[in-house]
Amino acid sequence: MENMINFTQDASTTNNQMKTIIKQKMVEFFIESLTEQFGEENVHMLRTGSNSLTNEIGFKVSLTDSDGFPQDVVITIDPKVKNWFESVRSKQPVPSFDFEEAAAAYDDYVVAKENTKAANARKKKEKIARDIKARAERAQRKADALKEDIPESEEE
């Protein structure tokens, strides 16, 4: 477990208190890291939301819009500390968070999304080819009809 930030929970600290401590320390870590990258004037804690207000880490990046004007774009991060312990909510057991399982689920999601995207691209390409063929056949029928001086309405 090298390269990890380590915390120690003592007997007098509940799991939820420990989650709060970890989140506070990690928010400080993220703010320090983002401040090094983007500068102090571009990183701050923000109060966001319309009905249910939350505190989030916010930082700004610059964007030049299509008209050539500079715009500030704000990105927010709201870190969540996942349970490392099993709990019960509404008489239903809630298992501890499994990092490897969640990572594998994300990888599966990405693969499925790419497969769907590839299948849709293939279907679109096939439809375009069918449409081109149908247009060519229609144009050929019109040309043949003009050669024979047969009105187009009789052919169809």
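What you see is a predicted model; the values in this text were computed from it and never measured. (Residues numbered from 1 in each chain as written. Predicted model: local features only at pLDDT ≥ 70, side-chain atom pairs only at ≥ 80, totals over all residues. Heavy atoms only, no water.)

Enquirer: What am I meant to see in the environment of Arg-47 here?
Expert: Looking at the secondary structure, you find Arg-47 in strand S1 (residues 43–48). Of the residues examined, Arg-47 reaches a relative accessible area of 54% and is grouped as exposed. Sequence spacing of Arg-47 and Ala-104 is 57 residues, and the spatial spacing of their C-alpha atoms is 33 Å. Among all residues touching Arg-47, those that are not within four sequence positions of it are Leu-53, Thr-54 and Asn-55. (Helix = DSSP H or I, 4+ residues; strand = E, 2+ residues; numbered from the N terminus. Buried < 20%, exposed > 50% of the residue type's maximum accessible area, 1.4 Å probe, protein only. Contact = heavy atoms within 4.5 Å.)

Enquirer: Teacher, can you tell me more about the pattern of salt bridges here?
Expert: A side chain of one charge can pair with a side chain of the opposite charge when the charged atoms of the two come close. Applying the stated criterion across every chain yields a total of four salt bridges. Its salt-bridge partner being Lys-23, residue Asp-78 comes within 3.5 Å of it at the nearest N-O pair. One end of the pair, Asp-78, is in the loop between strand S3 (70–77) and strand S4 (87–89); the other, Lys-23, is in helix H1 (residues 15–38), and 55 residues separate them in sequence. Here Asp-78 falls in the partly exposed class, since its relative accessible area comes to 25%. (Salt bridge = Lys/Arg side-chain N within 4 Å of Asp/Glu carboxyl O.)

Enquirer: What should I look at first to understand the pairing of S3 in this one?
Expert: Of the pairings in the sheet, the one linking strand S2 (residues 54–64) to S3 comprises eight bridges and is antiparallel in character. Each bridged residue has a counterpart across the sheet, and for Val-61 the counterpart in S3 is Val-73. Joining the antiparallel neighbours S2 and S3 is a turn of five residues, in which Gly-68 adopts a positive phi near 90°. (Pairing = 2+ DSSP bridges.)

Enquirer: Hey, could you run me through unusual backbone geometry in this one?
Expert: Only a minority of non-glycine residues have a phi that is not negative, and only a minority of peptide bonds are not trans. Notably, Ser-90 is not glycine yet its phi reads approximately 50°, a positive angle. A residue is classified by how much of its surface remains accessible, and Ser-90, at 71% relative accessible area, is exposed. One non-glycine residue, Lys-91, adopts positive backbone phi at about 65°. Relative to the assigned elements, Lys-91 resides in the loop between S4 and strand S5 (92–94).

Enquirer: What's the story with a nonpolar patch on the surface in this structure? I'm lost.
Expert: Taken together, Ile-5, Phe-7, Ile-21 and Phe-29 make up a surface patch of nonpolar side chains, about 320 Å² in accessible area. Considering the arrangement of structural elements, one finds Phe-29 in helix H1. (Patch = residues over 30% accessible without salt bridge, like charges linked within 9 Å, V, L, I, M, F, W, Y side chains within 5 Å. Areas by Shrake-Rupley, 256 points an atom, 1.4 Å probe, with all protein chains shown as cover.)

Enquirer: Could you clarify how one ought to interpret helix H2 (residues 99–147) in this entry?
Expert: Residues spaced three or four apart along an α-helix face the same direction, because each turn holds 3.6 residues. In a regular helix each residue adds 1.5 Å, so 49 residues correspond to 72 Å; H2 covers 72 Å between its end C-alpha atoms and thus fits that length. For H2, the N-terminal capping position is held by Asp-98, with its side-chain oxygen 3.1 Å away from the main-chain nitrogen of Glu-100. (Expected span 1.5 Å × (residues − 1). Polar contact = N/O pair within 3.5 Å; in protein donor to acceptor, adjacent residues only side chain to side chain.)

Enquirer: I keep staring at the packing of aromatic side chains and nothing clicks. Help me out?
Expert: Any pair of aromatic rings gets described here by the distance separating the centres and the angle formed by the planes. Applying the stated criterion across every chain yields a total of four aromatic pairs. Centre to centre, the rings of Trp-84 and Phe-85 are 5.0 Å apart; their planes meet at 85°, and the pair counts as edge-to-face. Phe-85 sits in the buried class, given a relative accessible area of 15%. (Phe/Tyr/Trp six-rings, centres within 6.5 Å; stacked < 30°, edge-to-face > 60°.)

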